[in-house]
Amino acid sequence: MQRDSNDVCISRRNALRAVSGVAVGTALAGCSDDDTESQEGIGGNGNGNGNGVGAGQVLNVTFPDDPENFDPHLTTINTAQRVLENVVEGLFRLNADLEPEPLLATDYEISDDETEYTISLKEGVQFHEPIGDEMTAADVVYTFERVMDPDVGSPRAANFTRVDSVEAVDEYTVRFDLEEPFAPMLTAFAESVEIIPEGAADEVDLQEHPVGTGPFSFVDWTVNQGVEIEAFDDYHVDGVPALESVEFDIVPEPAARLTALEVGDTHLLESVPFQDIEDVSGSSETEVATQTGLFNQGYWFNGDEAPFDDARVRRAVSHAIDRDAIIQGVLFGHGEPVHYPIPPTSEWENTIDPGPVPSQDIDHALELLDDAGVDPESVETSIKVSRTPGPGADAATLIQGHLSELGFDVEVVELDFSTWLDEVWVDNDYEMAIGSWSGRVDPDGWYYRQYHSEGAWNHWAYENDRVDELLEEGRSETDPDARADIYGEIESIVQEEVPMTYLYFDDESVGYRSEVEGYELEISNPTSFHNVTIDN
């Protein structure tokens, strides 16, 4: 149940928040039956007591923001997804190599024309309370019909526009019939949709209490304070989880989060401040796992607002930005500069070939503005940015300086995350903005929702008939080389028209105490605690 943050509750979570205020001021379950199988990536590690749960082991995790919404089919909030990856599960998951592999599925068949996917389900999988039934094909059908229902408004629906029907063949088999092939279908299963019980949205408020099949079940959410999940005794993988529970504490101040890790008030800290990574990794009491991630920082233009309704102005701004300076000055070297959405860790970066990242070129930017008939001294504009998560506000301050070299008068408007969501994401009330994207592993996830004229995440009023046509072709084409050519043409168009641009991919950096064992950083599931234990 969600409680209001004004409720009186004497707990470790509230104590940590009280201490965090001082720090800022001074420093600035189970198992299932014995015949269940271990699955690669989430297999049991043999720790804990007889049923796989470490007796009394509570993992404390510190996050910067409130999750806002736990509905797995609606939320786009990073902190919510970090909790949910321990609570809900899909038919497939992305493994450490970012390849889809079965999770709640056991096997699948694809028809020769690639328009029919028949999926066999794992038997004996139980849902959490308050529903608690065994998962069957009916639950899968309900889940996908909910995601695809326009009245629900799921941002995941864009991945399944070609699904004509979802049918239960029998109790443990489900069939997806497609109107035409959809190349990233298995990846979409792994990235997009977690299975919930039939009728769950009518029985519980999923925004406040998600119900799934994961190794941990949801216990409590106190707004702006924290979240608790506990080991699920009937989890379908033997020996998982090894912890009794996980408590996620919401501590907005970076210095307070870091202090909590250093003094042992928290076991694990997602997103160690970039300037502190070396110090944390050099301590005998803490460790840092880092890897170039899937999250990129985007720079947005409102194409309905002058002067950003002119592509030449947008290109000028992109050329004025010194991305290398942002990498060094904001990320302290822990990131990769980009002007495109393709993760540096992806093999598609080589096949799509987006070209070299442009260096800052003020002279060329001024030429573009002159060609557009725009006097840079007359431009008064703003950059809206959220204070958290990530260092977007610091990047905005640097870019303010870059654009001043053109003559722009730029105001940086720092907002709390909820206000940023309302003004920028929902209302499109901005001129320029900085926003972080949850990365995907297939090109369709980088381009379709952002650049299609009807894309769910097209917040820049971008329309191009040729791009729409290519995006549809990219979904149908199954040959990797042909798809690379398609997305290469898309990239060449959007680099010319610049409806938005990109700044960098930053490193995922998770800090944890040395007594935390079994944690491995997977960039698609960075806070998955299936195999974690605490060495007391």
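Given the structure is predicted, the values throughout are model-derived calculations rather than measurements.

Participant: What exactly am I supposed to notice about the packing of helix α14 (residues 443-451) against helix α16 (residues 480-497) here?
Facilitator: Between two packed helices, the angle of one axis relative to the other and the distance separating the axes together describe the packing. At a minimum axis distance of 11 Å, the contact between α14 and α16 shows a crossing angle of 40 degrees. Taken together, the axes of α14 and α16 lie oblique to each other. Where α14 crosses over α16, the handedness of that crossing is left-handed. Mapping the contact onto sequence places Pro-443, Asp-444, Tyr-447 and Tyr-451 in α14 and Arg-483, Tyr-487, Ile-490, Glu-491 and Val-494 in α16. Tallied by class, residues from the contact of α14 with α16 come to six nonpolar, no polar and three charged.

Participant: Just checking my understanding: could you explain unusual backbone geometry for this structure?
Facilitator: Where the residue is not glycine, phi is negative for most of them; where a peptide bond is considered, it is trans in most cases. The linkage connecting Val-240 with the following residue, Pro-241, adopts the cis geometry, with an omega of -5 degrees. In this chain, Ala-306 is followed by Pro-307 through a cis amide linkage whose omega measures 5 degrees. Considering the arrangement of structural elements, one finds Pro-307 in the loop between β13 (286-301) and α8 (311-320). Not every positive phi belongs to a glycine, and Val-498 is a case in point at roughly 45 degrees. With respect to the helices and strands, Val-498 occurs in the loop between α16 and β18 (500-513). In this structure Val-498 comes out as buried when scored by relative accessible area, which is 5%.

Participant: Honestly, the sheet that holds strand β6 (residues 116-121) in this entry has me stumped. Any pointers?
Facilitator: Backbone-to-backbone hydrogen bonds join strands into a sheet, with any given pair of strands oriented parallel or antiparallel. Overall, antiparallel pairing links the four strands, which are arranged β5-β6-β8-β7 in an open sheet. Of all the strands in the sheet, the pair left with one neighbour each is β5 (105-110) and β7 (163-170). On average, each strand axis in the sheet is tilted by 20 degrees relative to the strand beside it, whichever way the strands run. Bridge count for β6 against strand β8 (residues 173-178) is five bridges, and the pairing is antiparallel. Note that in β8 the partner of Glu-116 across the bridge is Asp-177. Packed onto the sheet, helix α3 (residues 137-148) meets β6, β7 and β8 and runs at close to 165 degrees relative to β7.

Conventions and cut-offs
- Residues numbered from 1 in each chain as written.
- Predicted model: local features only at pLDDT ≥ 70, side-chain atom pairs only at ≥ 80, totals over all residues.
- Heavy atoms only, no water.
- Axes fitted to C-alpha atoms, helices over the stretch in contact; angles between N-to-C directions.
- Helix = DSSP H or I, 4+ residues; strand = E, 2+ residues; numbered from the N terminus.
- Parallel < 35°, antiparallel > 145°, perpendicular 65-115°, else oblique.
- Left-handed = near helix turned anticlockwise from the far one by under 90°.
- Contact = heavy atoms within 4.5 Å.
- Nonpolar A, V, L, I, M, F, W, Y, C, P; charged D, E, K, R; others polar.
- Buried < 20%, exposed > 50% of the residue type's maximum accessible area, 1.4 Å probe, protein only.
- Pairing = 2+ DSSP bridges.

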